[in-house]
Amino acid sequence: MMLDPLEKNAAFRLAYEFIISSMEEDEVYENLEFVNKDLPHKTIDKLITFFEKTEEYEKCAELVKLKKKLC
């Protein structure tokens, strides 16, 4: 099942908000429900790519900072 562009847009934005708010609450990133335990940075990379395409560079910067913190 393919998501239409509006649903995909909403899904990326919800994932971003969930990750950022979870990190603010000191959750462990790898323990978040939708994070692939074998490739934990894959979700962040997908979000960075999405927000680069939509030119939302503040969100990209926040995600890059989070990714560096997790390494």
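Check the entry above for the structure.
In this report, the structure presented in the accompanying data block is examined. Going along each chain's sequence as written, the residues are numbered from 1 onward. Predicted model: local features are reported for residues with pLDDT of at least 70 only, side-chain atom pairs are reported and counted for 80 or more only, and whole-chain, interface and lining totals are derived from all residues. Each side-chain value is worked out from all heavy atoms of the structure, with water and hydrogens disregarded.

Description of the overall build of the chain
- Helices and strands together make up the secondary structure of the chain, namely three helices and zero strands.
- For the chain, the sequential pattern of α-helices and β-strands runs α-α-α.
- Throughout, the radius of gyration refers to the C-alpha atoms, and the reference size of a globule is 2.2 Å times the residue count to the power 0.38. Expected size for 71 residues packed as a compact globule is a radius of gyration near 11 Å; at 12 Å, the chain falls within 12% of this value.
- Along the longest, intermediate and shortest principal axes, the C-alpha atoms of the chain span 30 × 25 × 20 Å.
- Only protein chains enter the calculation, and the probe is 1.4 Å; a residue is then buried if its accessible area is under 20% of its type maximum, exposed if over 50%, and partly exposed in between. Split into buried and exposed, the 71 residues of the chain put 31% on the buried side.
- By definition in these notes, contact holds between two residues if any of their heavy atoms fall within 4.5 Å. Here the analysis covers contacts within the chain between residues at least 6 apart in sequence; of these, 46% occur between residues at least 24 apart.
- Note that accessible areas follow from Shrake-Rupley with a 1.4 Å probe, and for residues the cover is restricted to the protein chains shown. Element-wise, carbon and sulfur atoms account for 56% of the exposed surface of the chain, whose accessible area totals about 5,300 Å².
- Asp and Glu count as negative and Lys and Arg as positive, but His and the ends of the chain are not part of the count. By convention, charge coordinates are those of NZ in Lys, CZ in Arg, CG in Asp, or CD in Glu. Computed over 11 positive and 16 negative side-chain charges, the separation of the two mean positions in the chain equals 6 Å. The way it works is that DSSP assigns letters per residue, a run of H or I at least four long becomes a helix, a run of E at least two long becomes a strand, and they are numbered from the N terminus.

Side note on the nonpolar core
- Throughout, nonpolar core names a set of buried Ala, Val, Leu, Ile, Met, Phe, Trp, Tyr and Cys residues whose side chains join them through atoms within 4.5 Å. Ranked by internal contacts, the top residues of the largest apolar core, which has 17 residues, are I19, Y29, L47, F51 and L63.
- Listed by contribution, the elements that provide at least two residues to this core are α1 (5–24), α2 (40–53) and α3 (57–70).
- Look past the residues within four positions of Y29 in its chain and what remains in contact with it is I19, M23, V35, P40, T43, I44 and L70.

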